[in-house]
Amino acid sequence: MMKILGVSALLALVAALFVFLAGQMGLLSGTPPQDLGVHKGRLKPPALTPNSVSSQAALYPDHPQRAYADVRPIAYTGDPRQAMTRLIALLEKTPGCVLVTREPAYLYTQCSTRRLKFTDDVEFLLDPAASVIHVRSASRLGSGDMGFNRSRVEDLRARFVLRVAASAAKQDQ
């Protein structure tokens, strides 16, 4: 029995090492989707599996993952261009994130996890009429994301709010 447990532990260690090395070699990054971007004023709908979040999920009421995917957009006050500039600065300082597309009202970023290098596609769409920046974050691989996309969006929102507060405090001085 002890020999079987030892062999099982060794096999688990070898499998974990294989997965780690596959990630480091870029084998877990997946392929970028070809249908990202803004279509009829909307970002791509949420994924059909629980591995994406979108602040526009409510626009798809019959979508099977609408409730799971629903996340608030990033609210801002003031100049929409300044809001996008603040968001760009945050993304450029976010480890593992690379800004791929930068347009006045649209951003596309690829964010990779630290250890296994799984890549998620993150899009932002400026909605100046509502004073928000819509966001969609989706994993390329797997049918679940263990909450990583939601966590990323919530972290970005919190950092955005802190940056706005710090900027306002500087202006008051």
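Each value, and the rule that gives it
- Each chain carries its own residue numbering, running from 1 in the direction its sequence is written.
- Given that the model is predicted, a residue must reach a pLDDT of at least 70 before its local features are reported, and side-chain atom pairs must reach 80 or more before they are shown or counted; all residues, however, enter totals for whole chains, interfaces and linings.
- Processing note: side-chain calculations cover all non-hydrogen atoms of the structure and skip hydrogens and water entirely.
- In DSSP terms, a helix is any run of H or I states spanning at least four residues, a strand is any run of E spanning at least two, and both are numbered starting from the N terminus.
- Burial classes follow relative accessibility: with a 1.4 Å probe on protein chains only, a residue under 20% of its type's maximum area counts as buried, one over 50% as exposed, and anything between as partly exposed.
- The contact rule is simple, with two residues in contact once any of their heavy atoms fall within 4.5 Å.
- Counted as a polar contact is a pair of N or O atoms within 3.5 Å, where, for protein atoms, one must be capable of donating a hydrogen and the other of accepting one, and residues adjacent in sequence contribute only when both atoms are in side chains.
- Note: pLDDT gives the predictor's confidence per residue, expressed from 0 to 100.
- At least two bridges found by DSSP between two strands is the condition for calling them paired.
- Within this scheme, the nonpolar core is defined by two criteria: the residues are buried Ala, Val, Leu, Ile, Met, Phe, Trp, Tyr or Cys, and they are joined through side-chain atoms within 4.5 Å.

**Some thoughts on the overall build of the protein chain**
Along the protein chain, the regular secondary structure elements total four helices and six strands. From first element to last, N terminus to C terminus, the protein chain shows the α and β order α-β-α-β-α-β-β-β-β-α. Here the protein chain holds 173 residues, and the buried ones make up 35% of them. Taking contacts inside the protein chain between residues at least 6 apart in sequence as the whole, the part at least 24 apart equals 50%.

**Quick word on the side chain of Ser-137**
The residue Ser-137 is located in strand S6 (residues 132-139) in this model. Reaching out from Ser-137, the side chain makes a polar contact with the side chain of Asn-149 at a distance of 2.5 Å. For Ser-137, the side chain forms a polar contact with the side chain of Arg-152, separated by 2.9 Å. Apart from residues no more than four positions distant in its own chain, Ser-137 is found in contact with Asn-51, Ser-52, Val-53, Asp-121, Val-122, Asn-149, Arg-152 and Val-153.

**Structural notes on the confidence of the model for the protein chain**
Per-residue confidence for the protein chain averages 85 on the pLDDT scale, and 77% of its residues sit at or above 70. Mean pLDDT values over the elements of the protein chain span from 56, in helix H1 (residues 2-24), up to 97, in strand S3 (residues 97-103). Counting contacts from residues 18-23, a segment whose pLDDT is below 50, to residues more than four positions away or on other chains yields nine contacts.

**A few points about the pairing of strand S5 (residues 119-127)**
With respect to burial, S5 is a largely interior element, eight of its nine residues being buried. Bridge count between S5 and S6: eight bridges; the pairing is antiparallel. By the bridge assignment, Glu-123 is partnered in S6 with Arg-136. Linking two consecutive strands that pair antiparallel, namely S5 and S6, is a turn of four residues; a positive phi of about 55° is found at Ser-131 within it.

**Overview of the nonpolar core**
Residues Leu-87, Leu-107, Phe-124, Ile-133 and Phe-160 are the most contacted members of the largest nonpolar core, which totals 21 residues. Looking at this core element by element, the count peaks at six residues for helix H3 (residues 80-92). The contact partners of Ile-133, leaving out residues within four places of it in the chain, are Pro-73, Ile-74, Tyr-76, Ala-83, Met-84, Leu-87, Phe-124, Leu-125 and Leu-126. Judged by nonpolar contacts, the second largest core, of five residues, contains Leu-43, Tyr-106, Tyr-108 and Leu-125.

**Things to note about the environment of Tyr-68**
Relative to the helices and strands, Tyr-68 is located in helix H2 (residues 66-69). For the pair Tyr-68 and Val-53, spaced 15 residues apart in the sequence, the C-alpha separation amounts to 7.3 Å. Leave out the neighbours within four places in its chain, and Tyr-68 touches Pro-50, Asn-51, Ser-52, Val-53, Asp-145, Gly-147 and Arg-150.

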